[in-house]
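The chain contents come next:
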Amino acid sequence: MKIVHTSDWHLGKVLYNQELTENHKAFFEQLSSIILDQQPDVLLICGDIYETSNPAVSAQRLFHETILHFHTILPQMKIIIIAGNHDSAQRISVDSELWELANVHLISTIHTDEERMADYDKHIITIYDGKGDSLCLIGAIPFAYEQNFPKSEGNRILSFYQGVCHRMQELNSHKVPLVLMGHLTILGDVDFTGHKMDSIGGVETLNVSSILQEFNYLALGHIHHAQFIHDTQHKVRYCGTPIAVSFDEPYKHSVSIVTFDTQNNPIIEEEEIHTPHPLITLPEKPLPFLDAINVLRSYSPQEESFIRLNVIAGSAPSDAMALAATEMEGKTSQLLCINYARMEEDGPKDITHSITLTEFKEMTPIEIAKRYMGERFTEEMEKTFNEALQLLND
């Protein structure tokens, strides 16, 4: 039994007016090679297919062509996709029945019956081998706010995960691995590097400690840094983004290959992904503008990098971007922005009280609302805001 675990593609991402399409296409070429080499039984895509809930037609076309290509090169591989918090559940589920013709299961909402009781069977997919024998059971649970899960005593999200686990155990007559898919924040020691902490809220949190013995592997999306969750016996993992989608993600990006030993314990290997346009911050720590320019001037990579200049606030002239751009003339790399950091006793801090027009255009509606409201923007307000956006987009 072999699984390829990936998530958080963020197709359609535009970074300071620069599309990341070439990086995405490079990732898909490498993922195609991984699929051909590894011959997995299932590909899990754990949410945030798109950057926004209303993606450009070009982003949707790239997604459709890519998934169909994966099916073409390995038709027997099951592809299971769940919606993330960046995706429109209604929009991506429009073609879900057609996708099944290409061996693709797309689950975007929490299923209930006519009495609003949980319909766990619609979230469970059995993976078979060529002989028709069961290889594993997948419990696919998309992102949803807690109030959109069926009512229950205690936490609705935890209750739903428990219900899916219990139903998979009832169906598991062959004692095969039980795998969950989710897109949310796990309670515990999580590395949020690459995320803006004022915008990560609103994605529901799950405490898995009480159900840890009821599954063999939890394949997660949402957090961009690939990692296991501490104290979960290497059973709970964020695979991370396959490519950097912000300058604050300087770590390795990969997809996870999951197999199981004879006791159904997961074994994880990472396949690193390389892109033609790395996102580079120069210098790594902020310097006065002229010193930062010297670092930029001496930077001569072989790759066509996208660069963020990192300077100390107050040290740059008003035409800093134009001056920095002259240093890039004749180079293959491209300067996308300047980061102004305020120096404080405990280290540099990004300035948040002022932003450029370009930065404003890059912000999502929820980030703008949080910036304007500050501490007055409560969790309940955020849920209402997201629901209103969902209705507008749909």
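The preceding data block contains the structure.
Read on for an overview of the structure. Model, not experiment: these values are computed from the prediction. (Residues numbered from 1 in each chain as written. Predicted model: local features only at pLDDT ≥ 70, side-chain atom pairs only at ≥ 80, totals over all residues. Heavy atoms only, no water.)

1. Focus on the pattern of salt bridges
Turning to step 1, where the next piece is worked out: A full pass over the atoms with the stated rule returns 8 salt bridges.
Turning to step 2, where the next piece is worked out: The shortest N-O distance in the salt bridge between Lys122 and Asp119 comes to 3.9 Å.
Turning to step 3, where the next piece is worked out: Across the pair Glu270 and Lys252 runs a salt bridge, and its minimum N-O distance is 3.9 Å. With a gap of 18 residues between them, Glu270 in strand S16 (residues 266–272) and Lys252 in the loop between strand S14 (236–238) and strand S15 (254–260) connect regions that are remote in the sequence. (Salt bridge = Lys/Arg side-chain N within 4 Å of Asp/Glu carboxyl O. Helix = DSSP H or I, 4+ residues; strand = E, 2+ residues; numbered from the N terminus.)

2. Structural notes on helix H6 (residues 289–298)
Turning to step 1, where the next piece is worked out: Where H6 is concerned, the buried positions are Phe289, Ala292, Ile293 and Leu296. Down the axis of H6, the smallest arc covering the buried residues is 105°, so these residues share one side. Seen from the buried face of H6, the exposed residues on the opposite side, beyond 90 degrees, are Leu290 and Ser298.
Turning to step 2, where the next piece is worked out: Each element contacted by the buried residues of H6 is listed here: strand S17 (279–287), strand S18 (306–312) and helix H7 (320–326). (Buried < 20%, exposed > 50% of the residue type's maximum accessible area, 1.4 Å probe, protein only. Arc of directions from axis to C-beta. Contact = heavy atoms within 4.5 Å.)

3. Some thoughts on the side chain of Ser88
Turning to step 1, where the next piece is worked out: On the secondary structure map, Ser88 appears in the loop between strand S5 (78–82) and helix H3 (89–92).
Turning to step 2, where the next piece is worked out: Within the local environment of Ser88, its side chain forms a polar contact with the backbone nitrogen of Arg91, the two atoms lying 3.2 Å apart. (Polar contact = N/O pair within 3.5 Å; in protein donor to acceptor, adjacent residues only side chain to side chain.)

4. Looking at the packing of aromatic side chains
Turning to step 1, where the next piece is worked out: If you walk through the whole model with that rule in mind, you get 11 aromatic pairs.
Turning to step 2, where the next piece is worked out: A centroid spacing of 6.5 Å and a plane angle of 75° characterise the contact between Phe28 and Phe70, whose relative ring orientation is edge-to-face. With Phe28 in helix H1 (residues 21–38) and Phe70 in helix H2 (residues 57–73), the pair connects residues that are 42 residues apart, well separated along the chain. Residues Phe28 and Phe70 agree in their burial class; the two are buried.
Turning to step 3, where the next piece is worked out: An aromatic cluster of three or more residues is present, and its members are Trp9, Phe27, Phe28, Tyr50, Phe63, Phe70 and Trp99.
Turning to step 4, where the next piece is worked out: Between the NZ or CZ atom of Lys235 and the centre of the ring of Phe215, over which it lies, the distance is 5.2 Å.
Turning to step 5, where the next piece is worked out: Across from the ring centre of Phe228, 4.7 Å away, lies the NZ or CZ of Arg237, which sits over that ring. (Phe/Tyr/Trp six-rings, centres within 6.5 Å; stacked < 30°, edge-to-face > 60°. Lys NZ or Arg CZ within 6 Å of the ring centre and 35° of its normal.)

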